[in-house]
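Listed here are the chains, written in short residue letters.
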Amino acid sequence: FIVSVPHGYEIEALEIFTPELLVLILDLNIRMDIELINNHIYFFVEQKHFFGFSFEKHIKMLEQEYDIITKLMFILNSNLKHFNFEKIGTKTTFL
């Protein structure tokens, strides 16, 4: 894993990206970037080429991605519910 956060948010990052969340990411073999920016969570999923797949296959693939994000959101929501972030800088620190 690579977690990058602005300087001063290192402890908060470790409270959000808990061992429970990291184990889930490993167990589900998740291949996406997760970014928390200005009180929003963004999931960047690897671009997949759907050429040659049926419509039903497209729907199934999207449903699988949605299910994974839903599982991640369940844990992230419980980890984030007590945070009130305030901007403290723009420099990035790598953990």
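Everything quoted here is computed from the prediction, not taken from an experiment.

**Focus on the overall build of the protein**
Along the backbone of the protein there are three helices and four strands. Ordered by position from the N terminus, the helices and strands of the protein form the series β-α-α-β-β-α-β. For the protein, with 95 residues in total, the buried portion stands at 26%. For the protein, the proportion of contacts with a sequence separation of at least 24, taken over those separated by at least 6, is 71%. A total of about 7600 Å² of accessible surface is found on the protein, and carbon and sulfur atoms cover 58% of it.

**Quick word on the environment of F43**
Assignment of secondary structure puts F43 in strand β3 (residues 40–45). Among the residues examined, F43 registers a relative accessible area of 18% and is labelled buried. The spatial distance from the C-alpha of F43 to the C-alpha of I69 is 7.7 Å, given a sequence separation of 26 residues. In this view, F43 contacts M32, D33, I34, I69, L72, M73 and L76; residues no more than four positions away in its chain are not counted.

**Considering the confidence of the model for the protein**
Per-chain confidence: the protein averages 80 in pLDDT, with 82% of residues scoring 70 or above. Confidence, expressed as mean pLDDT per element, reaches its minimum in the protein at strand β4 (residues 92–94) with 59 and its maximum at helix α2 (residues 19–27) with 90.

**Considering the nonpolar core**
In this structure, L21, L72 and L76 are the most contacted members of the largest nonpolar core, which totals 19 residues. Elements that contribute at least two residues to this core include exactly α1 (10–16), α2, β2 (32–37) and α3 (55–80). Looking at this core, the element that brings in the most residues is α3, giving five residues. When near neighbours in sequence (up to four residues on either side) are disregarded, L76 contacts I16, L21, I34, I41 and F43.

What counts as what
- Residues numbered from 1 in each chain as written.
- Predicted model: local features only at pLDDT ≥ 70, side-chain atom pairs only at ≥ 80, totals over all residues.
- Heavy atoms only, no water.
- Helix = DSSP H or I, 4+ residues; strand = E, 2+ residues; numbered from the N terminus.
- Buried < 20%, exposed > 50% of the residue type's maximum accessible area, 1.4 Å probe, protein only.
- Contact = heavy atoms within 4.5 Å.
- Areas by Shrake-Rupley, 256 points an atom, 1.4 Å probe, with all protein chains shown as cover.
- pLDDT = per-residue confidence, 0-100.
- Core = buried A, V, L, I, M, F, W, Y, C linked by side-chain atoms within 4.5 Å.

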